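Below, each chain spelled out in residue letters.
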Amino acid sequence: LPRIVVLISGGGTNLQALIDAEAAGTLEGTIAGVISNRTGVKGLDRAESAGIPAQVIPHRDHDSRESFDQALMAAIDGFRPDLVVLAGFMRILTDAFVQHYQGRLLNIHPSLLPAWPGLHTHRKVLEAGETEHGATVHFVTEELDGGPRIIQGRVRVHPDDDEDSLAGRVGVQERRIYPEAVRWFCQGRLRLVQGRAQLDGTPLDEPVDI
Ligand code: 3YE
């Protein structure tokens, strides 16, 4: 089975969705390790409960982004992954890191990219009066939240929504689309070819909408 390393910074709800998919036999890969840049987060308990080796690489132990990323790469490569999955991992990665895992590094972002890259997406969506919102899985490139998109899940914005209600509804979509994208990768159906995402050999000009 393809080996997956999951990077987290917090609660690990998307990690849990991947753990559940593996347990259900639908992931078609195995989570070989979990790495957090923060100690004491709930995602580490989720890994332990599932019997998955977990490690902490605190970014605060490093005085440069390059040094942290090199330590992170060494830890990740110790698990010999075929795929690295960012699941609520909150660090901007260096070009050297991104290039090392080119074509085997995925992220999930809580907006319908290319709309609303960066932080505080639910607040921005509400402030802009948008009626639609969602989540996107994409290949990671040097540009934050700018890599080729793979799959999106949409939600309607309700007139009485606040950031929390919106985050909850978007989270449901995240936990649906991330295991699906990881499954495609593990099946060998999802690839990055000449900087473009391909599913079943067909370039994805638009992400799959489910
Ligand atoms: N790095 C690159 N390209 C990408 N990291 C992520 C996606 C992605 C990536 O597509 N090159 C905002 C969080 C960014 C931020 O400024 N973070 C701080 C640290 C904040 C903290 O530690 O709490 C920083 O300096 O990195 C994953 C999502 C990153 C979100």
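In the block above lies the structure referred to throughout.
About the cut-offs
- Residues numbered from 1 in each chain as written.
- Predicted model: local features only at pLDDT ≥ 70, side-chain atom pairs only at ≥ 80, totals over all residues.
- Heavy atoms only, no water.
- Core = buried A, V, L, I, M, F, W, Y, C linked by side-chain atoms within 4.5 Å.
- Buried < 20%, exposed > 50% of the residue type's maximum accessible area, 1.4 Å probe, protein only.
- Helix = DSSP H or I, 4+ residues; strand = E, 2+ residues; numbered from the N terminus.
- Contact = heavy atoms within 4.5 Å.
- Axes fitted to C-alpha atoms, helices over the stretch in contact; angles between N-to-C directions.
- Parallel < 35°, antiparallel > 145°, perpendicular 65-115°, else oblique.
- Left-handed = near helix turned anticlockwise from the far one by under 90°.
- Nonpolar A, V, L, I, M, F, W, Y, C, P; charged D, E, K, R; others polar.
- Pairing = 2+ DSSP bridges.
- Right-handed = clockwise from strand over helix to strand, strands pointing away.

Caption draft 1: Spotlight on the nonpolar core. Ranked by size, the top nonpolar core spans 37 residues in total, and within it Val6, Ile31, Ile150 and Val182 carry the most contacts. When residues in this core are grouped by element, the largest group, eight residues, is from helix 6 (residues 163-186). Not counting chain neighbours up to four residues away, the residues in contact with Val6 comprise Leu15, Leu18, Ile31, Gly33, Val34, Ile35, Val85 and Ala87. Counting residues in hydrophobic clusters, the runner-up holds 20 residues, among them Phe68, Phe79, Val84 and Leu105.

Caption draft 2: Inspection of the side chain of Glu174 at higher detail. Tracing the backbone shows Glu174 in helix 6. With residues near it in sequence (within four places) discarded, Glu174 still touches Asn14, Ile108, Pro110, Ala135 and Pro179.

Caption draft 3: Highlighting the packing of helix 1 (residues 13-24) against helix 6. At a minimum axis separation of 9 Å, helix 1 and helix 6 run at an interaxial angle of 55 degrees. The angle between the axes of helix 1 and helix 6 places the two elements in the oblique class. Considering the relative orientation of helix 1 and helix 6, their crossing is right-handed. Of the residues in helix 6, those in contact with Thr13, Asn14, Ala17, Leu18 and Ala21 of helix 1 are Glu174, Arg175, Tyr178, Pro179 and Val182. Across the contact of helix 1 with helix 6, the residue classes break down as six nonpolar, two polar and two charged.

Caption draft 4: Geometry of the sheet that holds strand 3 (residues 54-56). Taken in spatial order, the eight strands of this open sheet run 3-2-1-4-5-6-7-11, and their pairing is mixed. The sheet is open, and its two borders are formed by strand 3 and strand 11 (208-209), each paired with just one other strand. Both strand 7 (residues 149-156) and strand 11 contribute to a ladder of two bridges, which runs parallel. Residue pairing for strand 11: Ile151 is matched across the bridge by Val208. The strands touched by helix 6 are strand 1 (3-8), strand 4 (83-86), strand 5 (105-109), strand 6 (132-139), strand 7 and strand 11; relative to strand 7, the strand with the most contacts, the crossing angle is about 155 degrees.

Caption draft 5: The arrangement of the pairing of strand 2 (residues 30-36) in detail. When you tally the buried positions in strand 2, you get six out of seven residues, the bulk of the element. Where strand 1 and strand 2 come together, six bridges link them in parallel fashion. By the bridge assignment, Val6 is partnered in strand 2 with Val34. Remark: the strand 1/helix 1/strand 2 crossover connection has right-handed handedness. Sheet analysis places strand 2 next to strand 3, joined by three bridges and oriented parallel. Opposite Ser36, over in strand 3, you have Val56 as the bridge partner. Handedness of the crossover joining strand 2 and strand 3 through helix 2 (residues 42-49) is recorded here as right-handed.

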